Amino acid sequence: MEKPTYKSYPVWDVPVRLFHWVNVACVISLIAMGTVILCAKKLGLDTDGKVLIKTVHVYVGYVFVINLAIRLVWGLVGNRFARWTSILPLGGGFVKKLKTYVAAQKAGKPQYYLGHNPKGVLAVIALFLVMMTMATTGLVLAGTDIYFPPFGAMIQEWVAAAGVNPADVVPYVKDNVDTEAFKEMRAFRKPFITLHYWTFFVVLGLIALHIGAVVYTEIKVGGGLVSAMFTGKKILPREPEDQ
Ligand code: HEM
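Below is a short write-up of the structure. (Residues numbered from 1 in each chain as written. Predicted model: local features only at pLDDT ≥ 70, side-chain atom pairs only at ≥ 80, totals over all residues. Heavy atoms only, no water.)

**Things to note about the coordination of the iron atom of the ligand**
Spelled out, the test is: Any N, O or S atom lying within 2.8 Å of the metal counts as a donor, and for Na, K and Ca the limit rises to 3.2 Å; water is left out, so some sites can look incomplete. Under the classification used here, a metal with four donors is tetrahedral if each angle lies between 85 and 135 degrees, square planar if opposite donors are over 155 degrees apart and the others between 65 and 115, a six-donor metal meeting that same test is octahedral, and anything else is irregular. The helix and strand labels rest on DSSP assignments: H or I over at least four residues marks a helix, E over at least two residues marks a strand, and numbering proceeds from the N terminus. Using a 1.4 Å probe on the protein chains alone, a residue whose accessible area is under 20% of its type maximum counts as buried, one over 50% counts as exposed, and one in between counts as partly exposed.
Around the iron atom of the ligand, the protein supplies His57 (NE2) and His196 (NE2) as donor atoms, at distances of 2.1 Å. Geometry at the iron atom of the ligand is octahedral, judged from the six donor atoms that bind it and their angles of 88 to 180° at the metal. Of this pair, histidine 57 sits in helix H2 (residues 47-77) while histidine 196 sits in helix H7 (residues 179-220), placing them 139 residues apart in sequence. Take histidine 196: its relative accessible area is 15%, and that puts it in the buried class.

And the structure:
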């Protein structure tokens, strides 16, 4: 049997690791607060309680959006493994790589990757897509629900009744709004809340899949995926495919 010769490789740079753990903290708290928003009636929250939880959800949402935006840019300038060019299946041959990876794993001689393995690439793309969806729909909801930046001031102007200072339009108070304009604004926001709501369940599913796949890979293949997100280094028993 081939004797493993363990070697340590630097993979994840500091910005990627920081992004990952800040993102984990934000997503966990956004899920918790999102669940409270969903169950507001059952929990007996009054209007002030609802506005408060939505406000905190939006503040954490800003951290989530800024962190995500920095990571999107870092994908253009970061180290080799942080870059979109190595994460996205560009340049062809991806399906072949995926099939070879799955077949090698089935045959009990798993392939090792420094960056994401081909199955990981699919999971990471899905995770980025749903996070971008939550970020964009969330920003629109922040404006249309509690009149928060970046769109809040524009929405207040849209719905303010004639002669009312838009800054005086406050969430859940109908006195200062033009009924027709408010109805139009609610119709405009409908697809955003629908997408935010349904993508929330996709987020839950993908997180379960992501954690399950990492644990499975650690047990079946090894490679120290979890510790690599802390130390930045992967320790592999064989030469990686993407050295
Ligand atoms: C992974 C990220 C996120 C998750 C899991 C999440 C989850 C949720 C959930 C479950 C709800 C309740 C939906 C409903 O009432 O139908 C909600 C509402 C809301 N979210 Fe998020 N959210 C995320 C990101 C964001 C971001 C980035 C922002 C804005 C910066 C944001 C702003 C809002 C607002 C304003 C509401 C209230 C909408 C309303 O009731 O009309 N969310 N979120």
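**Some points on the pattern of salt bridges**
Going by this rule: Think of a salt bridge as a Lys or Arg side-chain nitrogen and an Asp or Glu carboxyl oxygen that are within 4 Å of each other.
Following the criterion strictly, the structure yields three salt bridges and no others. Between lysine 54 and aspartate 145 there is a salt bridge whose closest N-O contact spans 2.9 Å. Separated by 91 residues along the polypeptide, lysine 54 in helix H2 and aspartate 145 in helix H5 (residues 118-146) bring together distant segments of the chain. Both residues of the pair, lysine 54 and aspartate 145, count as buried. The salt bridge involving arginine 189 is made with aspartate 145; its shortest N-O contact spans 3.6 Å. Highlighted residues: arginine 189 in helix H7 and aspartate 145 in helix H5, separated in sequence by 44 residues.

**Here's the deal with the packing of aromatic side chains**
Quick note on the threshold: We call Phe, Tyr and Trp rings a pair once their centres come within 6.5 Å, taking the six-membered ring for Trp, and we label the pair stacked below 30 degrees between planes, edge-to-face above 60, and tilted otherwise.
In this structure the tally under the stated criterion is twelve aromatic pairs. An angle of 20° between the planes, with centres 4.6 Å apart, marks the rings of tryptophan 21 and phenylalanine 230 as stacked. Separated by 209 residues along the polypeptide, tryptophan 21 in helix H1 (residues 14-38) and phenylalanine 230 in helix H8 (residues 225-231) bring together distant segments of the chain. The class for tryptophan 21 is partly exposed, based on a relative accessible area of 32%. Ring plane angle 50° and centroid distance 5.9 Å describe the contact between tryptophan 198 and phenylalanine 201, whose orientation is recorded as tilted.

**Describing the site of the ligand**
What counts here: For this purpose, a residue is taken to be near a molecule or strand whenever a single non-hydrogen atom of the residue falls within 4 Å of it. Contacts described as polar in this section are N or O atom pairs within 3.5 Å, which, within protein, must combine one atom able to donate a hydrogen with one able to accept it, while residues neighboring in sequence count only if both atoms come from side chains. Side-chain classes are defined by residue name, with Ala, Val, Leu, Ile, Met, Phe, Trp, Tyr, Cys and Pro counting as nonpolar, Asp, Glu, Lys and Arg as charged, and the others, Gly among them, as polar.
Around the ligand there are 22 residues in total, and Lys54, His57, Gly138, Arg189 and His196 lie nearest to it. Arginine 189 places a polar side-chain atom, nitrogen or oxygen, 2.4 Å from an oxygen atom of the ligand. Here a nitrogen atom of the ligand and a side-chain polar atom of histidine 196 are 2.9 Å apart. Elements with a minimum of two residues in the shell around the ligand: H1, H2, H5 and H7. By residue class, the composition of the shell around the ligand is 14 nonpolar, five polar and three charged.

**Focus on the side chain of aspartate 242**
Put simply, the test is: For this count, His and the chain ends are skipped, Lys and Arg are scored as positive, and Asp and Glu as negative.
As for its position among the elements, aspartate 242 is in the segment after strand E2 (233-236). At 4.8 Å, arginine 80 is the nearest oppositely charged side chain to aspartate 242, a buried residue that forms no salt bridge. Reaching out from aspartate 242, the side chain makes a polar contact with the backbone nitrogen of leucine 114 at a distance of 2.7 Å.

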